[in-house]
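# Fold and contact review
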Amino acid sequence: MTQATQSTTATFKALKCKECGTEYEPKATHVCEFCFGPLEVTYDYDALRRTVTRESIQKGPNSIWRYRPFLPVVTETPIDVGTGMTPLVKANRLARRLGIKNLYIKNDAVNMPTLSFKDRVVSVALTRAQELGFTTVSCASTGNLANSTAAIAAHAGLDCCVFIPADLEAGKVLGTLIYGPTVMAVQGNYDQVNRLCCEVANTQGWGFVNINLRPYYSEGSKTLGYEVAEQLGWQLPDHIVAPLASGSLFTKIYKGFQEFIKVGLVDEKSVRFSGAQAEGCSPIAQAYRDGRDFVTPVKPNTIAKSIAIGNPADGVYALEIAKKTNGSIESVNDAEIVDGIKLLAETEGIFTETAGGTTVAVLKKLVEAGKIDPSETTVVYITGNGLKTQEAVQGYIGEPLTIEAKLDSFERALERSRTLERLDWQQVLV
Ligand SMILES: [Zn+2]
């Protein structure tokens, strides 16, 4: 395996332990040898401040790679499959329903190529994997990551082997197999899959996007912060609400905002960070509720499988950010998650998966509890697509009216449906 050397155009410098500050060469490694703390990429912010402007970003590609100087790759030609620059939708109807004024949806349900935010982190991880000389890439996944790793590996011509829990939604399994990787369906939950993958990473010499490439991979999530700032007209929002699985996404949106402030691309502002978990897997929300500064692992049991991580790697950092930004962390039950999916679909025309349903349901809960001010500019992150988790809403969304191909059959059915609608309303009024 060849190790890529730093080019003069690279603005990232090293890997640094988040706990003790020890620095490492930017290779395929993710844990500090001294204190076992997680490693994070550091950058030359003075150089970034001198060379990057709003205009230079806007002249870049219409993808996450417009922010390339803030990402840990050397190459000028990263793997670009059109990932990122997803819509930031002004959600007026949902806002009105909830009783707030300035609500936006960052819609990664339509991210490319596999309809979740994971395409961001994988595009970065696989670009770096190629630079580090890997020919086989892998991941431990709750579903979306497997879709993304398999798809982008196929595009880049890398061999791919992914690991998923055996009980995943059919859409997520099919949406991985189609790209032709080796798929290992492990009899166990995500945390067990992850433990197995840590062993495989040590023996096979593969690039695991979320294990030995994790410091690079996780940096991809910063683009969810950059894009929102740019799409709001180079301003930061007042409040963001995002789902919490490992906690990484949450901490990287924060890092993205901080970096834009640091290099002068946006004005300094304190943004409140609120996190969403499913009650059946809510170790970070429980720690927040109990006022703890540590996270106790749990065994997941929820329909929100994509965020069902019982032992969240970045849980304590997410907790810290919610506290210091005067945000909040809440959990909702499975019925509320289904209602959240329906609410977003009916008000905004966006069909999200269970993670998005969790986030919308938590948004509603925070508004009702007075934890979001109605006038705050609030951005909600929708990270995945509902077509992948159809099981979650089956039985809760009505059925089509089957009719004969005749006008009178149609008219009878229409009359019947209107009567049913009236009955629905009467029930609501009672
Ligand atoms: Zn350390």
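Residues numbered from 1 in each chain as written. Predicted model: local features only at pLDDT ≥ 70, side-chain atom pairs only at ≥ 80, totals over all residues. Heavy atoms only, no water.

### As for the overall build of the protein chain
Here is the rule: Helix numbering and strand numbering both begin at the N terminus, where a helix is a DSSP run of H or I of at least 4 residues and a strand a DSSP run of E of at least 2. Computation of the radius of gyration draws on C-alpha atoms alone. For the globule rule, the value is 2.2 Å times the number of residues to the power 0.38. Working definition: with a 1.4 Å probe on protein chains only, accessible area under 20% of the residue-type maximum means buried, over 50% means exposed, and in between means partly exposed. Using the Shrake-Rupley algorithm and a 1.4 Å probe, accessible areas are obtained, with residue cover drawn only from the displayed protein chains.
Broken down by element type, the protein chain carries 15 helices and 13 strands. Over its C-alpha trace the protein chain gives a radius of gyration of 22 Å, about what one expects of a compact globule, namely 22 Å for 430 residues. Principal axes of the C-alpha set define a box for the protein chain whose edges measure 75 × 45 × 45 Å. Expressed as a percentage of the 430 residues in the protein chain, the buried residues total 55%. Put simply, the protein chain shows about 18700 Å² of open surface, and 50% of that area lies on carbon and sulfur atoms.

### A short note on the sheet that holds strand β9 (residues 207–208)
Formally: Strand pairing is assigned whenever DSSP detects at least two bridges linking the two strands. By definition, residues are in contact when any of their heavy atoms lie within 4.5 Å. Angles run from 0 to 180 degrees between N-to-C directions of axes, and those axes are lines fitted to C-alpha atoms, restricted for helices to the stretch in contact.
Spatially, the four strands line up as an open sheet ordered β8-β7-β6-β9, and their pairing is parallel. The sheet terminates laterally at β8 (182–186) and β9, the two strands that pair on one side only. The sheet contact formed by strand β7 (residues 159–165) and β8 spans five bridges and is parallel. By the bridge assignment, Val162 is partnered in β8 with Val183. Set on the sheet, helix α5 (residues 144–156) makes contact with β6 (136–140) and β7; between it and β6 the angle comes to about 170°.

### Description of the coordination of the zinc ion
What counts, and what does not: The rule for donors is simple: N, O or S, within 2.8 Å of the metal, or within 3.2 Å if the metal is Na, K or Ca. Water isn't counted, so a site may look like it is missing partners. Key to geometry: four donors with every angle between 85 and 135 degrees are tetrahedral; four donors are square planar and six octahedral where opposite donors lie over 155 degrees apart and all remaining angles lie between 65 and 115; all other sites are irregular.
Protein-derived coordination of the zinc ion comes from Cys17 (SG), Cys20 (SG), Cys32 (SG) and Cys35 (SG), at a distance range of 2.3 Å. For the zinc ion, the four donor atoms are set out with angles of 96 to 118° between them, so the coordination reads as tetrahedral. Residue Cys20 is classed as partly exposed on the basis of its relative accessible area of 41%.

### A look at the layout of surface pockets
What counts here: The method works on a 1 Å grid over the protein atoms by themselves. A cavity is a set of points holding a 1.4 Å probe that cannot get out, a pocket is an open set with protein on both sides within 12 Å along at least five of seven lines, and residues with an atom within 4 Å of a point line them. Grid points are joined across faces, edges and corners, and a volume is the space filled by probe spheres set on the points. Amino acids outside the nonpolar list (Ala, Val, Leu, Ile, Met, Phe, Trp, Tyr, Cys, Pro) and the charged list (Asp, Glu, Lys, Arg) are all regarded as polar, and Gly is one of them.
In this structure, the second largest pocket spans a volume of roughly 350 Å³. Along its surface, the second largest pocket is lined by 16 residues, and Lys18, Glu40, Thr251, Tyr254 and Lys255 are the ones closest to its centre. Listed by contribution, the elements that provide at least two residues to the lining of the second largest pocket are β3 (39–43), α10 (248–262) and α12 (315–324). Among the elements that make up the lining of the second largest pocket, the one with the highest residue count is α10 (six residues). Here the residues of the lining of the second largest pocket sort into six nonpolar, three polar and seven charged.

### As for helix α14 (residues 354–368)
Put simply, the test is: Take the number of residues in a helix, subtract one, and multiply by 1.5 Å to get its expected span.
An ideal rise of 1.5 Å per residue puts 21 Å on 15 residues; α14 measures up with 21 Å between its terminal C-alpha atoms. Of all 15 residues in α14, 12 are buried; the element is thus mostly enclosed. All buried positions along α14 are accounted for by Thr354, Ala355, Gly356, Gly357, Thr358, Thr359, Val360, Ala361, Val362, Leu363, Leu366 and Val367. Once α14 ends, the next one or two residues include Gly370, with phi positive near 75°.

### A closer look at the confidence of the model for the protein chain
Defined as follows: For every residue, the pLDDT score states the predictor's confidence, bounded by 0 at the bottom and 100 at the top.
Residues with a pLDDT of 70 or more make up 97% of the protein chain, whose mean pLDDT is 95. Residue range residues 1–7 is modelled with pLDDT below 50. Its contacts to residues more than four positions away, or to other chains, number 16 contacts.

### Thoughts on unusual backbone geometry
One can expect most non-glycine residues to show negative phi and most peptide bonds to be in trans. The residue after Met112, namely Pro113, is reached through a cis peptide bond having omega 5°. Mapped onto the elements, Pro113 comes out in the loop between β5 (102–107) and α4 (118–131). At Phe36, a residue that is not glycine, the phi angle is positive and equals roughly 65°. Relative to the elements of secondary structure, Phe36 occurs in the loop between β2 (23–24) and β3. By relative accessible area, which is 68% here, Phe36 ends up exposed. One non-glycine residue with positive phi stands out, namely Leu115, at about 65°. Here Leu115 lies in the loop between β5 and α4. On the accessibility criterion, Leu115 (25% relative accessible area) is partly exposed.

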